[in-house]
Structures are given as structure tokens and as C-alpha cells.
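Geometric and topological summary
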Amino acid sequence: MADMWSVEEHLTDILHTVRPLAPLELPLLDAAGCVLAEDVTVPAPLPPFDNSSMDGYAVRTADVEGASEEFPATLTVIGDVAAGAGVLPTVGPGQAARIMTGAPIPPGAQAVVPVEWTDGGLGGGPADAMTPAGTPHGTEVRVHRPAPAGAHIRSRGSDAPAGTLALRQGTVLGPPQLGLLAAIGRATVTVTPRPRAVVLSTGSELAAPGRPLAPGQIHDANGYMLTAAAQAAGAVAYRATAVADDAATLRATLEDQLGRADLVITSGGVSVGAYDVVKEALNLDSGVEFRRLAMQPGKPQGFGLIGGGRVPLFALPGNPVSSYVSFELFVRPALRAMAGHAPETLHRPRVTARLAAEAPVRSPAGRRQYLRGSYLPPARGAEPGSVRPIGGAGSHLIAALAQADALIEIPENVTEAAPGDELKVLLLG
């Protein structure tokens, strides 16, 4: 392997190393956002019985044939049928049953006429005898339109017949999919669980947000940024307390955190300085390899498996922009692969856009540069969209990063990109 790794070589090594987590059977709401690890079939017809799609009256079609405003069909109402009703009246000739949306179709009925097609059952009639459902027996309703057989009836199995495939393995479970699982009676489902990611910042200069800074200190931005990024990628993310520049303390902290980690992310301490604690703590016996990548920002990277459970560890640079760019390019795809997502969905979408800059943008030879940018999509049917650089190339410029919704990719063989040049853009939003 060459002294300098390409972005593709590093990413390929990562994706060849990580594996999807073992499937788990989870309650439906705990499975939200997870990837289905089984084919799910419909065990019984959905809906399980013929039911009304309207509030109205269940009727025989012959009794309302030819009905009109001028010559309505007058029917005797024999009772109510509410949603969830278990005992149903039988509709005979010249009769109707008032029915609610979702209620089962009573025996003898062949169609439902909406209440808007009737006088609402306000016609006269004796009101002393009550049916079990509570409607005055003998009340009349006048129907002003005919209804063909099956009108406003949702047939048994019309949504999904028994034995059909409800959801295919690999489906991401969003609200509609969870609703379907509940509708067919599933209380649990087998999924690839969301990976648990532990985020650990290193550096004696770091102070927790909300605390005053001592001389030489800065607030720990990476811990919060990377934890939020891992959550956005679908992980269950934990932010550990920042660790000072002490190798023994870092090793002990990592060992303590491995019990709740499927993946570990550190930031800082991976360069060639005197206090690069991550490199010191994760020596050659740890399984983590430290590399130089042909990219800017994010040249120093570490990756490997640690602990008895062979947990993937990503050692990212400490500068905020370097750390975030590295997460998007390498950690996010790994987390999604571990969660069982399809290979084509591991990465952020990439589009082509024209560079909207006031002057040429320079880039170091032999390195792929990622600049923060603001992307403007094209108008309908127009040329490619445009992207405007935000901030400079400095890897500490987190204020500019917070305004960006895209990363502009300048290839290794391009040292200057002119305004109007077409470049690949990684969409972050």
C-alpha cells in the first residue's frame, strides 16, 4: 500500500471490515427507523371483514334502484351498526341499517348509501320499539340516489389478501410501515438494530460547554457535533466526557465504554505532535492503523477493531471541520452499513453543480479537497445547480461549517477551479 491512502482506498477498507449487526426482535416503536431483517407476510385478510367506507345506510340494491330526488326510496331503519359492533341486524326487503364508517356490513346489505344521499332518517314512524343498537325501530329514511352492489363497501382483503408479502426484508421502517405491521397484528418485528456509537473527544484543552474557560482552554465542540451526526445517521449515540492528554486514562476510558459500544469515534490526537494521545494509547497491538489520506481537510485518520468484541474505532482529526468531513465520508457509511442499509443508500447524495465563486478556487496538488458550500438546486428543466463556497479552507472554521449544506469536492488532479466549472457536490441537508 502506498504511503498516502486515497479516499476510496480508506473507505473500501472500512466497508470491508464492518458488518451488519445481528438481528433483534423488537417492539414496533423500538424498531422505528430500523431495517427489516425478515420478509413479513399478511397472516389474515386486511381488512378482516367487509366494512363501510362512509357514514350512511346499509341497503339492498333492489330497494334503491331508480331512487331520485323526486321519487325517493323509503326504507324502514331497523337499527344502528357502529364500528366494533359484534351483533348485527339482518337487512331484509324494504329495510336499511344506519351504519358508521368502519362498521361491519350487516347480513343482507349489498351497498351503503352515504347519509348525504338521504334525508338523514328524519322521516316519520313509530318510535316506541328500540333495537339492541339503540335506533328507534320503524324510523324511515328516504334515499335520493341508487347504489350499485358494493358501493362504499371496503371488501374483506381488499387492502392486502392473506398470504401476500406485506414488507420485504431490507425495508426501512418508517411510520407507514409500522402502521401496516400494527394493522396486520404484529406487536414485534425482527430488524437489524441501530448501532450504538460512543463519541469521545481528547485534549487537555477541552472544557464542557456551559463552564467558564481557563487560560488556553476551548469548549468541546466535536463531542456534541459528532454525537449529533451519529444520531442523524441513525445510531444510538452516547457522548463520553472528554479525556485529557494521557494515554493510560484514554485506554481505561475506552475499555470502560466498550461495554455499550458497537462503534467508537474519537477526535483529536492522531497527528504527529508530542501529545497525540490517541496514537500513543492505541499502539500496534490495538488493531488500529493510522494513515495519511490524500485529502484536505482530514489527512490523518485512524481505523481498526479494538477489544474482545472487535469493535470498529474511528480516530478522527481534532479540528472541527476535519472531524466533520471525516465523519461524513467514512463514519456515516459505516454506521449505515452496520444498521443493514443497502449499499446504494450508505452515502450522502452527490450531484453536479457549477461553482459560483467570485474568483478561482485553489486546491493542493495530489489531494482531494472538500470545501464547505451552499447549494442552489437548478430550476425545473434547467442546467445543473450551483454551489457557493462558504468560508476559507481552514479546518478550524466551524462558524462557516454551520452555514453550509454541502461539501464541494475538488479532485486530486485539479489545482484551480474556475467560476462556472462543474464539480461534484456532497449534499448534507
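Our subject is the structure that appears above.
These numbers come from a predicted model, not from an experiment.

1. A look at the overall build of the protein chain
Within the protein chain, the secondary structure is distributed over eight helices and 29 strands. The C-alpha atoms of the protein chain give 32 Å as radius of gyration, which overshoots the globular expectation for 429 residues (22 Å, by more than 25%). By its C-alpha atoms, the protein chain is 100 × 50 × 45 Å across when sized along the principal axes. Taken over 429 residues, the protein chain has a buried fraction of 45%. Of the contacts formed within the protein chain by residues at least 6 apart in sequence, a portion of 71% connects residues at least 24 apart. When the accessible area of the protein chain is evaluated, it comes to approximately 20,100 Å², of which 54% is carbon and sulfur surface.

2. Focus on helix α4 (residues 221-232)
Each α-helix winds once per 3.6 residues, and so residues spaced three or four apart point in a common direction. The terminal C-alpha atoms of α4, which comprises twelve residues, lie 17 Å apart, in line with the 16 Å expected from a rise of 1.5 Å per residue. Where α4 is concerned, the buried positions are Asn222, Gly223, Met225, Leu226, Thr227, Ala229 and Ala230. Packed against the buried residues of α4 are β14 (196-201), β17 (236-239), β18 (263-267), β22 (311-316), α7 (320-338) and α8 (398-401). Directly after α4, the chain includes Gly234, whose backbone phi takes a positive value near 105°.

3. Brief notes about the side chain of Thr118
Structurally, Thr118 can be placed in the loop between β9 (111-114) and β10 (140-143). Since its relative accessible area comes to 9%, Thr118 is described here as buried. A distance of 2.9 Å separates a polar side-chain atom of Thr118 from the backbone nitrogen of Gly120. If near-sequence neighbours (up to four positions away) are discounted, Thr118 is found in contact with Tyr57, Val113, Val141, Arg142, Val143 and His144.

4. Structural notes on the sheet that holds strand β1 (residues 4-5)
The strand order across the open sheet built from seven strands is β1-β19-β21-β22-β18-β14-β17, with neighbouring strands paired in mixed fashion. A strand with exactly one partner marks an edge of an open sheet, and here the two such strands are β1 and β17.

5. Some thoughts on the pattern of salt bridges
In the structure shown here, the tally under the stated rule is 16 salt bridges. Between Arg142 and Asp119 there is a salt bridge; the shortest N-O distance is 3.5 Å. One end of the pair, Arg142, is in strand β10; the other, Asp119, is in the loop between β9 and β10, and 23 residues separate them in sequence. Using a relative accessible area of 22% as the deciding quantity, one classes Asp119 as partly exposed. The partner of Glu328 in a salt bridge is Arg348, with the nearest N and O atoms 2.9 Å apart. Of this pair, Glu328 sits in helix α7 while Arg348 sits in the loop between α7 and β23 (350-355); the two residues are 20 residues apart in sequence, bridging distant segments of the chain. Here the residues in one salt-bridge network are Glu8, Arg368 and Glu412, joined through shared partners.

6. A closer look at the packing of aromatic side chains
This structure, assessed with the given rule, holds one aromatic pair. Residues Phe303 and Phe314 carry aromatic rings whose centres are separated by 4.9 Å and whose planes lie at 50° to one another, so their mutual orientation is tilted. Of this pair, Phe303 sits in strand β21 (residues 300-306) while Phe314 sits in strand β22, placing them eleven residues apart in sequence. The burial state of Phe303 is the same as that of Phe314; both residues are buried. Directly above the ring of Trp5 sits Arg291, whose terminal nitrogen or CZ lies 3.7 Å from the centroid.

7. So, unusual backbone geometry
Following Leu46, the chain continues to Pro47 via a peptide bond in cis, the omega torsion being -5°. In this fold, Pro47 is placed in the loop between β4 (40-41) and β5 (51-52). Note that the residue after Gln296, namely Pro297, is joined by a cis bond; omega there is 0°. Here Pro297 lies in the loop between β20 (295-296) and β21. Of note in the backbone geometry, His152 takes a positive phi value of approximately 60° without being a glycine.

8. Quick look at the nonpolar core
Grouped together as the largest cluster of nonpolar side chains are 39 residues, with contacts concentrated most on Leu263, Phe314, Phe327, Phe330 and Leu335. Elements supplying a minimum of two residues to this core: α1 (7-17), β14, α4, β18, β22 and α7. Broken down by element, the residue count for this core peaks at eleven residues, all from α7. Excluding anything up to four places from it in sequence, Phe327 contacts Leu226, Ala229, Ala230, Ala233, Ile265, Leu316, Arg332, Pro333 and Leu335.

9. Digging into the packing of α1 against α7
The relative placement of two packed helices is expressed as an angle between their axes plus a distance between the axes. One way to put it is that α1 packs onto α7 with a least axis distance of 10 Å and a crossing angle of 25°. Taken together, the axes of α1 and α7 are roughly parallel relative to one another. For the element pair α1 and α7, the recorded crossing hand is right-handed. Contacts between α1 and α7 involve Val7, His10, Leu11, Ile14 and Leu15 on the former and, on the latter, Leu329, Phe330, Pro333, Ala334 and Ala337. Of the residues that constitute the contact of α1 with α7, the class distribution is nine nonpolar, one polar and no charged.

10. Observations concerning the pairing of β14
Consecutive side chains of a regular strand alternate in pointing toward one face of the sheet and then the other. For β14, the buried fraction is high: five of the six residues fall into the buried class. Pairing of β14 with β17 involves four bridges; the strand directions are parallel. Its bridge partner being in β17, Val198 is matched across the sheet by Tyr238. Summarising the sheet, β14 and β18 pair through five bridges and their orientation is parallel. Its bridge partner being in β18, Ser201 is matched across the sheet by Ser267.

Cut-offs used in this document
Residues numbered from 1 in each chain as written. Predicted model: local features only at pLDDT ≥ 70, side-chain atom pairs only at ≥ 80, totals over all residues. Heavy atoms only, no water. Helix = DSSP H or I, 4+ residues; strand = E, 2+ residues; numbered from the N terminus. Rg over C-alpha atoms; globule rule 2.2 N^0.38 Å. Buried < 20%, exposed > 50% of the residue type's maximum accessible area, 1.4 Å probe, protein only. Contact = heavy atoms within 4.5 Å. Areas by Shrake-Rupley, 256 points an atom, 1.4 Å probe, with all protein chains shown as cover. Expected span 1.5 Å × (residues − 1). Polar contact = N/O pair within 3.5 Å; in protein donor to acceptor, adjacent residues only side chain to side chain. Pairing = 2+ DSSP bridges. Salt bridge = Lys/Arg side-chain N within 4 Å of Asp/Glu carboxyl O. Phe/Tyr/Trp six-rings, centres within 6.5 Å; stacked < 30°, edge-to-face > 60°. Lys NZ or Arg CZ within 6 Å of the ring centre and 35° of its normal. Core = buried A, V, L, I, M, F, W, Y, C linked by side-chain atoms within 4.5 Å. Axes fitted to C-alpha atoms, helices over the stretch in contact; angles between N-to-C directions. Parallel < 35°, antiparallel > 145°, perpendicular 65-115°, else oblique. Left-handed = near helix turned anticlockwise from the far one by under 90°. Nonpolar A, V, L, I, M, F, W, Y, C, P; charged D, E, K, R; others polar.

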